[in-house]
Structure formats: structure tokens, C-alpha cells
Amino acid sequence: MPELSVLISQEDVQNRVHELASQLDIDYMGKDLILLGVLKGSVHFLSDLSRAMKSDTTIDFIQASSYGNGQSSSGVVQIRKDHDVNIEGRHVLIVEDIIDSGLTVKHLKELLSARKPASIKCISLLSKPDARLHDVRPDYLGFDIPDSFVVGYGLDSAEKYRSLPFIAELTV
């Protein structure tokens, strides 16, 4: 039976989301910003982040995966759903739940750069620096975490645990 141990509390997650929203309001003041959520894991983070921001933003989604049904990257990024809005000349902020190897964010930045946005940056709630295989760092970061399997606040294990309001380590 899997066991959960809380790594980041609900209160700490929400406090950090509000801090990040305030920083984004400052950094993107007066700019045409698109929050581009990476499905499915970023949904809770994107929702709370956008509601905490005072700026008017456009929200869109892209679905990219390098995991399949496993707990480690397959090494191949698949785009399962592309974004709908035109990003040319606009500021794009990729909203990720977690950066592990860095492969997905690296791939998305390359793909989206060809579409000529004014800028492209990344915000991630979580980052596992010890798991990084590609030189990718989020421009905005919630928390660095150890290289363990985590669930909650959008992150799942075989589509379970996404709705937990905190981040937990999952052990089997």
C-alpha cells in the first residue's frame, strides 16, 4: 500500500503562489501576458496563480508529456494538445507543475520560440535540481525538492492524488 508523507503543506504552497503572483504582476506590468499551462499537472497551480494576480492575463493550455504512465521520463516529449491562441509578439509564461529532467521545458521553449513570442519564460511550482539532465532552470520557482516521487496539488500517480491540497512524497 502506498504511503504519503507531506513534503510541502497547503499553507506553504498557497503562500508561495501568492508571492509568485505578486512578482509576476510587477515583472509583467503593462505587458500582454499569456499563461500557458502544461496539462494536466499545472491546472491547480495555474488556477490559483492567475486568481492571485492583479494583472489581466490570457490563459491557454498545451499538453506535453514525457512520462506515459510511469514515474520516470521516457526521454521523448509528445505534444498531445497544442495551444489555441496566437503567441506571436506576446509574452508567454510556461506554467509547469514540476521540472525533473528538464526535457519537457527545453522542448517547449524550442517549439514555442519558433512561433515568435515577444518573450518566453517558465514558472514551475517544483524543481528537482538533482534530477536535471538538461540545462533548464525555471525563471520563477516555488520550491526546490529532493529527487523523490511526489504527488498532490495537480501532480499524480496513475491519475490519483491530483486533488490533494499539499505536496507529498509517495512511497511504495
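Residues numbered from 1 in each chain as written. Predicted model: local features only at pLDDT ≥ 70, side-chain atom pairs only at ≥ 80, totals over all residues. Heavy atoms only, no water.

The subject of this paragraph is the sheet that holds strand β9 (residues 167-171). With antiparallel pairing, 3 strands are arranged side by side in an open sheet as β1-β9-β8. At either end of the open sheet lies a strand with only one pairing partner, and these are β1 (3-8) and β8 (150-151). In this structure, β8 lies alongside β9, joined through 2 bridges in antiparallel fashion. Within the sheet, the bridge partner assigned to V151 lies in β9 and is A168. (Pairing = 2+ DSSP bridges. Helix = DSSP H or I, 4+ residues; strand = E, 2+ residues; numbered from the N terminus.)

We now examine the environment of S113. Looking at where S113 falls in the secondary structure, it is placed in helix α3 (residues 103-113). Taking relative accessible area as the criterion, S113 reaches 40% and is therefore assigned partly exposed. Considered as a pair, S113 and N15 are 98 residues apart in the sequence and their alpha carbons are 31 Å apart. (Buried < 20%, exposed > 50% of the residue type's maximum accessible area, 1.4 Å probe, protein only.)

What follows covers the environment of L164. Along the chain, L164 falls in the loop between β8 and β9. Along the primary structure L164 and Y153 are separated by 11 residues, whereas in three dimensions their C-alpha atoms are 5.4 Å apart. In contact with L164, not counting residues within four places along its chain, are L4, V151, G152 and Y153. (Contact = heavy atoms within 4.5 Å.)

Next up on the list: the packing of helix α1 (residues 10-27) against helix α2 (residues 43-52). Relative placement of two packed helices is described by the angle separating their axes and the distance separating the axes. The interhelical angle for the contact between α1 and α2, taken along N-to-C directions, is 55°, at an axis separation of 8 Å. Considering the angle they form, α1 stands oblique to α2. In the crossing of α1 with α2, the sense of the turn from one axis to the other is right-handed. On α2, the residues touching Q14, V17, H18, L20, A21, L24 and D25 of α1 are F45, D48, L49 and A52. (Axes fitted to C-alpha atoms, helices over the stretch in contact; angles between N-to-C directions. Parallel < 35°, antiparallel > 145°, perpendicular 65-115°, else oblique. Left-handed = near helix turned anticlockwise from the far one by under 90°.)

Turning our attention to α1. Structural remark: α-helix, 3.6 residues per turn; residues separated by three or four positions point the same way. Its 18 residues give α1 an end-to-end C-alpha distance of 26 Å, which sits within 8% of 26 Å, the value for a rise of 1.5 Å per residue. Where the residues of α1 are buried, they touch β1, α2, β5 (91-99), β6 (119-127), β7 (140-144) and β9. (Expected span 1.5 Å × (residues − 1).)

Another point: the sheet that holds strand β3 (residues 58-65). Here 6 strands make up an open sheet; going across it, the order is β4-β3-β2-β5-β6-β7 and the pairing mixed. Edge positions in the open sheet fall to β4 (78-81) and β7, since each of these has one partner strand only. In this sheet, neighbouring strand axes are inclined to one another by 30° on average, regardless of whether the strands run parallel or antiparallel. Pairing of strand β2 (residues 33-39) with β5 involves 5 bridges; the strand directions are parallel.

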